[in-house]
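Tertiary structure, described
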Amino acid sequence: MIKFLTFIFVYILSIGVMATEFKVTDVLGAPASGIAVYLIPQDESKLNDLWANQTNTASTKTIISQENKKFSPYLSVTSKQNPIVFDNKDDITHHIYSIDKENSFDFKLRSGEQKSDISFAKKTTIAMGCNIHDWMAGHLLIVDTPFYGITNIDGKVVFSDLPDIGFKLKLFHPQLSEVDNDREITFTLTTKPFLVKLIEPITATPLQQDTSEFDFVEGYE
Amino acid sequence: MKLQESSLKNRIFFFFILLLIAVQGVSFYTTQYSNERLEEQQLNSQLSQAETLLKNELTKRSYYLTAFAETAAKDYGLKQVLLEDTRSLLIALNNHRKRIDADIAIAINREGLILAELLVKDPNQEIKRVTPGENINSDFSNPEWLSGESQNVYYSEAGNIFQLVLAPITSGDLLIGHIAFGYSLNDKLASELANLTGFSVGFGAVEKNKWQWLALKDISSEHILEEHQLNDFSPLKAKSGDAFIFTNHTLGQLNHQQIIATTYQLRSSLIAAIKQDSVQLLLMILITLVISLLGAYSIASGVTKPLRRLVKLSKNIAKGNYDSDIYVGSTKELNQLADQFGDMQSAIQSREKEITQQAFLDNLTQLPNRNQFYRDMHDLDQPFILCQINIRRLAQINDTLGHDVGDEVLQELAKRLKILNKPLYHTSGNGFLVRFDNHLKKHINDAISLISKVIEPNFLYQNIALHLQVNIGVTFNDDWPQANQLLKEVDSAMQLAKRNNQLYQLYDRQIDLNTLDRLQLVNRLKQAIEKGEFTLFYQPKLNLKNNSIEEVEALVRWQHPVNGLITPDAFIHIAEQTGQMKALSLWVINEAIDQYFYWKSQGLNLKIAVNISPENLLDDDFCERLIEKLCTEEQLYKSISFEITEDAFVDHNSRAVDNISMLRAEGIYLSIDDYGTGYSSLAQLRNLSVQELKIDRCFIQKLIQQKVDQLIVSSTIQLSHQLGLQVVAEGVEDKVTLQWLKQQGCEKAQGYYISRPLPADEFSHWLEHSQYSSPSNNKTQKEKHEETSTIAADNLLS
């Protein structure tokens, strides 16, 4: 444990790079959770350098589960080329689609099946639905930066190993106002958490629930 | 029956007529009114039903449109082609449109750009031609509807108004566009709705109260809403009383226009229906009225028929026919009435009998009374003698022995007269009639003796023997006079018998005439004074000392217009009894005064003696008026003197004596008239301060033949002179008597030898030509004497 702490300390000092914490609050100052936060270099030409320096970027799978006839999580964020896994944890078939003009897809996913052959090469947002379960809705944010995350219950997201190249912070959530979604926030790296306050209220995230009771299909395989 | 009295039957009938007309009128009016109300209500309710149907239909359409549009929006195929090429999208859109036969279909992307649009041309035709809309790739005109929620709106394009439903298309929860389907508000729709509701249906757009027709189906029979009328007709302006009844239903809003559906019906069709109803109703009512009136007439007759029977019955009763049969009908009440009539009839019958008995019988003696006498006289055609028998002094019996005894006496007399066995009547309190039929005038004595015979025996009443005395008046039916005339006759005769103390008196017309004259005089006397029917006659008093006429006695005469000249004997008594003596005496005095002045103006100075009644002397007012008249500056009392009969003093009436003394004190000259016939007392002569005695004519007229008269007259003259009175002899009818009186020292003489009483003008004429001198013409007296002596003698003889 001591060894680990010493390592981190040495690492931070030696690289001059340190972990940075961001906290997103709504207009009232309450923590806003589930919001995608990503950083892009202020000079976007440095994006490729950023990718080049990214040594430890083992491609991480983004798993979008269909559980209880909901997309879970509602909002997923990943960087381009990262594989995306759709995992049907329900005992029922889903027909997942996107009709995004460039990134449209649709496939049926039977109970317990996974589909992992989908990835996207470009930054984009994809709205997904289930053709069988109208109420199901999920969103996928594909970013072209390695620094992205989703605010936890405290509205916080932490990025480590940030090079000091000058970033701007962006937020995304389907229910965020366009103002907030389009905002580009510059910041300076400090040891203190950086506070981002939403300009406009966030609308409620859909509950992905059928408005009518739908018990009769439960007994069928 | 009077004309203005309407019969009960007519009244009942007319009452029914009025009632029926009123009832039917009210019923017609209310039925008509309620019919109209009902029709209107029905129509209104139909209208509201139609409106409800219309609303439902349009709501249903919108619901199905909405449901369909939402379903189509979720269609994955559509979602997949939404962002593909337009052609693919149009085909997919048309597939959906066909399913509900929509007139318009639109696909709009997230940014409000119209991706695809389909319009049905000529939507009224069976085979439809679908064309792409012109607005593809241009912005949707109403971006406010693109909210992500379903919208049910009215949409205008290419001159049509559509009922349009927009539904959002989502990918997951991401809104990627809208899809819309709609129906056009066209004549076909109006027609469908009109068929459904049974009313004319139209759609209109209203902007600023201006109605613009969108579509119309007019199903009214007259199709009055022709094309050119559409502009004039506006459901907005319609009000009650218009040719239409209608309801408007606002469907929705389009920009600034209101989309309104209207349902209407021609009122005329409604009114026509009501009119037809009215005619039928009126006909029914008229028929009912006629039948009711017939019924009313029969009821009226039925009610009044028994009444008419009762009227007839009571007429019979009025006529005295009590045997009428009473039958009025089967009605209980009327039969009760009829029974009452029957009871009344018999009650009247018995009461009439009783009354008849009372009316024709005397209560006391139970003999037939005067009424019965009249009745019996009706059918009598044989000669008879009628006797009225009255008990004498019945009043005295009543007064002394009491009315009971009087009644007993009457009953006894009745009993006795019954023995005669002749028709007998008790006609008055104290009067019985006996009729001797078939008796003639010559049988009167027999009849009287029959009556006397039954009355003769004494009537023994409680040991008092009463001798019944009667007076009988008798008459006979000479020339069939009236019954009441006969009664009058026997009564007059009886009265005369009573006055004359006779047993009986036969009626004579003369009896009546006397009574009648007297009556007429009484009635006429008052008028006679007013009308100046009295005149004064003058008889001279000759002064025996100087053989001159210085004084006359005024004697009143009644110039009766019918009976001629009436002497005072006939009317003075009546005037006294009827209280008219004062007026008469005053008239005489005034007349005498006038005559005195007249003569004086003619140069004739004659004193006038006026007779006044003893009654006048009892009247203070009369005496005062005498004094007023005479004791004036003209000193008439020296010229007008008065003659009073002895009766004035007989009653020793102090008032008369006082008044005489008063007159005398005023210097009025008084003489006592008719001296020696009455009950005059010498004592009175002494007390009375009269100046003259007039010896009654009965002592003078046969003076020369009767020594006794000479004795009386000469001694009276002596006595009078002794008492200082002058003496006048009345009734001097010859020269010898005049000479004798002159010798005896009598001062004045009066009588036919000198002159009978003459009217004033004749008197002055007589005096002028007489042998006697008068105060004014003393100088010519002697010549005249020669001329007129023969004439005077002639007068005396005639």
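Cut-offs applied
Residues numbered from 1 in each chain as written. Chains lettered and ligands numbered in written order. Predicted model: local features only at pLDDT ≥ 70, side-chain atom pairs only at ≥ 80, totals over all residues. Heavy atoms only, no water. Helix = DSSP H or I, 4+ residues; strand = E, 2+ residues; numbered from the N terminus. Contact = heavy atoms within 4.5 Å. Buried < 20%, exposed > 50% of the residue type's maximum accessible area, 1.4 Å probe, protein only. Axes fitted to C-alpha atoms, helices over the stretch in contact; angles between N-to-C directions. Parallel < 35°, antiparallel > 145°, perpendicular 65-115°, else oblique. Nonpolar A, V, L, I, M, F, W, Y, C, P; charged D, E, K, R; others polar. Phe/Tyr/Trp six-rings, centres within 6.5 Å; stacked < 30°, edge-to-face > 60°. Lys NZ or Arg CZ within 6 Å of the ring centre and 35° of its normal. Pairing = 2+ DSSP bridges. pLDDT = per-residue confidence, 0-100. Expected span 1.5 Å × (residues − 1). Buried area = accessible area lost by both parts, 1.4 Å probe. Polar contact = N/O pair within 3.5 Å; in protein donor to acceptor, adjacent residues only side chain to side chain. Salt bridge = Lys/Arg side-chain N within 4 Å of Asp/Glu carboxyl O. Patch = residues over 30% accessible without salt bridge, like charges linked within 9 Å, V, L, I, M, F, W, Y side chains within 5 Å. Areas by Shrake-Rupley, 256 points an atom, 1.4 Å probe, with all protein chains shown as cover.

Looking now at the overall build of chain A. A tally of helices and strands in chain A yields 3 helices and 16 strands. Partitioning the intrachain contacts of chain A with sequence separation of at least 6 by distance along the chain shows that 64% fall at a separation of at least 24.

Attention shifts here to the overall build of chain B. Per the secondary structure count, chain B includes 25 helices and 27 strands. Looking at the 798 residues of chain B, the share that counts as buried comes to 46%. A sequence separation of at least 24 residues applies to 62% of the contacts in chain B between residues at least 6 apart.

Residues and elements named next belong to chain B. Contact pair helix α7 (residues 332–360) / helix α8 (residues 370–378): the axes reach a minimum separation of 6 Å and the direction vectors enclose 95 degrees. By the angle between their axes, α7 is roughly perpendicular relative to α8. Judged by residue contacts, T356, A359 and F360 of α7 engage N371, Q372 and R375 from α8. Residues that form the contact of α7 with α8 fall into these classes: 2 nonpolar, 3 polar and 1 charged.

With that settled, the discussion passes to the packing of aromatic side chains. In this description, an aromatic ring pair is defined by two values, namely the gap between the centres and the angle between the planes. In the structure shown here, the tally under the stated rule is 32 aromatic pairs over all chains. Centre to centre, the rings of F373 of chain B and Y425 of chain B are 5.2 Å apart; their planes meet at 80 degrees, and the pair counts as edge-to-face. In this pair, F373 of chain B is assigned in helix α8 and Y425 of chain B in strand β12 (residues 424–428), connecting sequence segments 52 residues apart. Exposure class is identical for F373 of chain B and Y425 of chain B. Each is buried. Ring plane angle 35 degrees and centroid distance 6.1 Å describe the contact between F459 of chain B and Y461 of chain B, whose orientation is recorded as tilted. Three or more aromatic residues joined by ring pairs form one cluster here, namely F22, F147, F159, F167, F187 and F194 of chain A. Here the guanidinium or amino end of K115 of chain A rests over the ring plane of F107 of chain A, the centre of that ring lying 5.1 Å away.

Moving on to the pairing of strand β6 (residues 174–184) of chain B. Residues and elements named next belong to chain B. Counting buried positions along β6 gives 9 out of 11 residues, so the element sits mostly inside the fold. Relative to β6, strand β1 (residues 104–109) runs antiparallel, the two sharing 6 bridges. Note on β6: the bridge partner recorded for I104 is G182. Two strands pair when backbone bridges link them, and strand β5 (residues 160–171) and β6 are joined in this way by 10 bridges, in the antiparallel orientation. Within β6, the position partnered with L164 by the bridge is G182. The hairpin formed by β5 and β6 contains 2 residues between the paired strands, and G172 there has a positive phi angle of roughly 60 degrees.

Before going further, it helps to spend a moment on the confidence of the model for chain B. Residues and elements named next belong to chain B. When pLDDT is averaged along chain B, the result is 81, and 88% of the positions lie at 70 or above. Predicted confidence in chain B is weakest over helix α25 (residues 781–797), with a mean pLDDT of 41, and strongest over strand β26 (residues 748–749), with 93. Counting interchain partners and residues more than four positions distant, the pLDDT-below-50 stretch residues 777–798 has 20 contacts.

Moving on, we come to unusual backbone geometry. Cis geometry is found at the peptide bond from S72 of chain A to P73 of chain A, where omega equals 0 degrees. Its location among the elements puts P73 of chain A in the loop between β4 (70–72) and β5 (75–79). One non-glycine residue, Q81 of chain A, lies in the positive phi region at around 75 degrees. Positive phi, close to 60 degrees, is recorded for N421 of chain B, a residue that is not glycine.

A separate point is the side chain of N398 of chain B. All names here are of chain B. Looking at the secondary structure, you find N398 in helix α9 (residues 394–401). Judged by its relative accessible area of 15%, N398 falls in the buried class. The contacts of N398, once residues within four sequence positions are left out, are H403 and G406.

With 29 residues, α7 of chain B extends 41 Å between its outermost C-alpha atoms, agreeing within 8% with the 42 Å of an ideal straight helix rising 1.5 Å per residue. All of the buried residues in α7 of chain B are L334, A338, F341, G342, Q345 and F360 of chain B.

Bringing the interface of chain A and chain B into the picture now. If you look at the interface, chain A gives 17 residues, while chain B gives 11 residues. Taken together, both faces of the contact between chain A and chain B bury some 1100 Å²; the carbon and sulfur share is 53%. When the area that chain A buries against chain B is broken down by residue, the three leading residues are Y97, I99 and D134 of chain A, summing to 49%. Inspection of the chain A/chain B interface yields 5 residue pairs in polar contact (both at pLDDT 80 or more). Residue assignment for the side of chain A that touches chain B shows that the elements contributing at least two residues are β7 (94–98), β8 (105–109), β10 (124–130) and β11 (137–143) of chain A. Considering every element that reaches the side of chain A that touches chain B, the biggest residue donor is β10 of chain A, with 3 residues. Taken together, the residues of the side of chain A that touches chain B break down into 9 nonpolar, 5 polar and 3 charged.

Residue and element names in this part refer to chain B. In terms of burial, strand β7 (residues 200–207) is a largely internal element, 7 of the 8 residues being buried. Of the strand pairs in this sheet, β7 and strand β10 (residues 257–266) are connected by 7 bridges, and their pairing is antiparallel. By the bridge assignment, V206 is partnered in β10 with Q258. Sheet topology places β7 next to strand β8 (residues 210–217); 7 bridges connect them, and they run antiparallel. Among the inter-strand pairings, F203 is bridged to a residue of β8, identified as A215. Hairpin connection of β7 to β8: 2 residues between the antiparallel strands, including K208 at a positive phi of 50 degrees.

For the rest of this paragraph, the subject is the sheet that holds strand β13 (residues 156–159) of chain A. One key point about sheets: their strands pair by backbone hydrogen bonds, in either a parallel or an antiparallel sense. Residue and element names in this part refer to chain A. Taken in spatial order, the 3 strands line up as β13-β1-β16 in an open sheet, and their pairing is mixed. Edge positions in the sheet fall to β13 and β16 (194–197), since each has one partner strand and no second. Pairwise comparison of adjacent strand axes, ignoring direction, gives a mean angle of 20 degrees for this sheet. For strand β1 (residues 20–25) and β13, the ladder comprises 4 bridges, and the chain directions are antiparallel.

Residues and elements named next belong to chain B. Under the counting rule described, the total for this entry stands at 23 salt bridges over all chains. Note that D619 and K582 form a salt bridge whose closest N and O atoms lie 3.5 Å from each other. Taken as a pair, D619 in the loop between α16 (614–617) and α17 (620–630) and K582 in helix α15 (residues 581–601) lie far apart in primary sequence, 37 residues in all. We classify D619 as partly exposed; its relative accessible area is 23%. Ionic pairing is found between D621 and K582, a salt bridge with its closest N-O pair at 2.6 Å.

The next point concerns the sheet that holds strand β3 (residues 62–67) of chain A. Residue and element names in this part refer to chain A. Ordered in space as β4-β3-β6-β9, the 4 strands form an open sheet in which the pairing is mixed. Looking at the sheet topology across the chains shown, the edges are occupied by β4 and β9 (114–118). Taken pair by pair, the neighbouring strands of this sheet meet at an average axis angle of 20 degrees, ignoring direction. Two strands pair when backbone bridges link them, and strand β6 (residues 84–88) and β9 are joined in this way by 3 bridges, in the antiparallel orientation. The partner of D87 across the bridge, within β9, is Q114.

Together, L8, I299 and V303 of chain B make up an exposed nonpolar region whose accessible area comes to about 230 Å². Tracing the sequence through the fold places I299 of chain B in helix α6 (residues 267–319).

Residue and element names in this part refer to chain A. Of all residues in chain A, 84% attain a pLDDT of 70 or more, and the chain-wide mean is 82. For chain A, the element scoring lowest by mean pLDDT is helix α1 (residues 2–15), at 48; β11 scores highest, at 92. With pLDDT under 50 throughout, residues 7–16 is counted as low confidence; its partners more than four residues away or in other chains account for 4 contacts.

Bringing the side chain of T66 of chain B into the picture now. Residue and element names in this part refer to chain B. Turning to its location among the elements, T66 is positioned in helix α1 (residues 8–73). A polar contact of 2.4 Å, which involves the side chain of T66, links it to the backbone oxygen of S62. Every residue in contact with T66, bar those within four places of it in the chain, is listed here: S150, N152 and V165.

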